[in-house]
Amino acid sequence: MGTRTEERVETSAPKTAVLPPIPPGSVNLEDFVGESMLLLGAGATVLLQLAEPGVGYGVADHSTTLQRPLDRLRTTMTYVYAVTLGTEEEKKAIVRLVNKAHVPVRAESYNAFDPELQLWVAATLYRNGLDMYERFFGKLPDAEAERIYRQSAVYGTALQVKDDMWPATRAEFDAYWDEKIATLRVDDKVRAYTRGLLSGGDSPLPVRIAMPLQRFLTIGLLPQRIRDEFALPWSPRDQRRFDRLMATFGAVYVKVPRPVRQLSATYYLRDMRRRFAAHKHVI
């Protein structure tokens with residue numbers, strides 16, 4: 001078993017689907033994923049991932065997020081930006097590092113190399129990213145939504161998800177998503193871990209001060225059933241406040257120049273490249 005894992009660590013590389021040419025002026029995954037406002041949905045994305053027991057137990061048992069929350073955010077965003085915005089060499093290097101980091105994340109009830117768990121993680125990255133983008137910029141035309149859906153498969157296929165595991169159509173994806181949301185289960189262990197996560201863990205003081213707002217946005221972006229699984233309270237008044245806040249954020253954000261809106265992607269990619277050049281810890 002150990003030998004097969006070693007082989008996967010060394011040989012796994014992003015798989016590239018053949019996609020039609022992108023018309024000039026269209027939105028593709030590079031435009032989509034570079035928007036910094038997607039970070040507002042990061043908390044909800046993480047909680048959706050944790051609601052899958054195999055992911056939740058693996059993270060609770062092995063992750064250092066509570067002790068090093070900013071570093072774990074950096075490594076997660078480095079993966080996302082590398083596989084979508086990086087060069088082919090950078091993608092391959094990041095995939096090798098992620099696979100090596102996943103080797104010890106295994107127990108009887110979970111395995112970080114499980115493609116079904118990776119599929120769910122990829123699905124949350126795509127679905128919450130799309131939700132955030134359309135909240136701020138409006139509903140995408142069908143052709144652009146289809147293109148981004150196809151391109152988003154890379155979140156999983158860069159690792160152990162086979163190309164044919166990504167639902168063939170957006171309708172099939174919606175059915176997969178609805179079934180997962182209806183069947184996810186959260187136990188006391190993962191709830192306790194999540195309480196620590198939503199309090200900011202050992203973050204610097206400025207981050208902990210901002211956590212009430214991040215917690216509010218995180219809960220507001222979750223489906224009600226998942227709020228219930230995590231025992232996170234949410235009232236009609238909370239929903240009205242959330243809707244007003246998102247409308248205000250959206251009205252301001254779309255007026256910001258695009259290079260400024262994409263500063264988070266620029267920062268994390270530059271940081272990754274500096275770390276590679278200096279042979280420092282990347283993932």
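Quick look at the structure, then. (Residues numbered from 1 in each chain as written. Predicted model: local features only at pLDDT ≥ 70, side-chain atom pairs only at ≥ 80, totals over all residues. Heavy atoms only, no water.)

Attention now moves to the overall build of the protein chain. The helix and strand tally for the protein chain stands at 16 helices and two strands. The C-alpha radius of gyration computed for the protein chain amounts to 18 Å, which stays within 12% of the reference 19 Å derived for 283 residues, consistent with globular compactness. Seen along its three principal axes, the alpha-carbon backbone of the protein chain occupies a region of about 55 × 50 × 40 Å. With 283 residues in all, the protein chain has 47% of them scored as buried. In the protein chain, the share of contacts with a sequence separation of at least 24, taken over all contacts with a separation of at least 6, comes to 81%. Counting only carbon and sulfur atoms, one obtains 58% of the accessible surface of the protein chain, whose full area is about 14,200 Å². If you average the places of the 39 positive and of the 34 negative side-chain charges in the protein chain, the two averages end up 6 Å apart. (Helix = DSSP H or I, 4+ residues; strand = E, 2+ residues; numbered from the N terminus. Rg over C-alpha atoms; globule rule 2.2 N^0.38 Å. Buried < 20%, exposed > 50% of the residue type's maximum accessible area, 1.4 Å probe, protein only. Contact = heavy atoms within 4.5 Å. Areas by Shrake-Rupley, 256 points an atom, 1.4 Å probe, with all protein chains shown as cover. Lys, Arg positive; Asp, Glu negative; His and termini not counted. Charge placed at Lys NZ, Arg CZ, Asp CG, Glu CD.)

Topologically, T75 is positioned in helix 5 (residues 69–85). Of note is the side chain of T75, whose polar atom sits 2.9 Å from the backbone oxygen of R72. With sequence-adjacent residues up to four places away left out, T75 is seen in contact with V282 and I283. (Polar contact = N/O pair within 3.5 Å; in protein donor to acceptor, adjacent residues only side chain to side chain.)

Contact pair helix 7 (residues 115–137) / helix 14 (residues 236–253): the axes reach a minimum separation of 8 Å and the direction vectors enclose 70°. What the angle tells us is that helix 7 and helix 14 run roughly perpendicular. Here M132, R135, F136 and F137 of helix 7 come into contact with helix 14, specifically with F242, M246, F249, G250 and Y253. For the contact of helix 7 with helix 14, the per-class residue count stands at seven nonpolar, one polar and one charged. (Axes fitted to C-alpha atoms, helices over the stretch in contact; angles between N-to-C directions. Parallel < 35°, antiparallel > 145°, perpendicular 65-115°, else oblique. Nonpolar A, V, L, I, M, F, W, Y, C, P; charged D, E, K, R; others polar.)

Although it is not a glycine, A231 adopts a positive phi angle of roughly 60°. With respect to the helices and strands, the residue A231 is situated in the loop between helix 13 (224–229) and helix 14. Positive phi is not limited to glycine here, since H279 has a value of about 60°. Considering the arrangement of structural elements, one finds H279 in the segment after helix 16 (263–277).

What follows is about the packing of aromatic side chains. Scanning all chains against the criterion turns up 19 aromatic pairs. Ring geometry for Y126 against W166: centres 6.1 Å apart, planes inclined by 80°, an arrangement best described as edge-to-face. Remark: W166 occurs in the loop between helix 9 (154–157) and helix 10 (170–183) and Y126 occurs in helix 7; sequence separation between them is 40 residues. Each of the two residues, Y126 as well as W166, counts as buried. Ring centres of W166 and F173 lie 5.7 Å apart, and the angle between their planes is 45°; on these two criteria the pair is classed as tilted. Of the two residues examined, W166 and F173, each falls in the buried class. An aromatic cluster is built from W120, Y126, Y149, W166, F173, Y176 and W177, whose rings are joined through pairwise contacts. Directly above the ring of W120 sits K180, whose terminal nitrogen or CZ lies 5.4 Å from the centroid. Against the face of F216 rests R241, its NZ or CZ located 4.7 Å from the ring centre. (Phe/Tyr/Trp six-rings, centres within 6.5 Å; stacked < 30°, edge-to-face > 60°. Lys NZ or Arg CZ within 6 Å of the ring centre and 35° of its normal.)

Once that is clear, we can look at the pattern of salt bridges. Counting across every chain of the model gives 17 salt bridges. Here K91 and E88 are joined by a salt bridge, their closest N and O atoms 3.2 Å apart. With K91 and E88 both in helix 6 (residues 88–102) and three residues apart, the pair spans about one turn of that helix. For K91, a relative accessible area of 14% gives the class buried. You can call E88 partly exposed: its relative accessible area is 37%. Measuring nitrogen to oxygen at the nearest pair gives 3.0 Å for the salt bridge that ties R135 to D131. Of this pair, R135 and D131 both sit in helix 7, four residues apart, roughly one helical turn. (Salt bridge = Lys/Arg side-chain N within 4 Å of Asp/Glu carboxyl O.)

Bringing the packing of helix 7 against helix 10 into the picture now. Two quantities define a packed helix pair, namely the angle between the axes and the distance from one axis to the other. Interhelical geometry of helix 7 versus helix 10 gives an angle of 110° and a closest axis separation of 11 Å. Between helix 7 and helix 10, the angle is such that the two are roughly perpendicular. Contacts between helix 7 and helix 10 pair E116, L119, W120, A123, T124, Y126, R127 and N128 from the former with R170, F173, D174, Y176, W177, K180 and I181 from the latter. In terms of residue class, the contact of helix 7 with helix 10 is made up of eight nonpolar, two polar and five charged.

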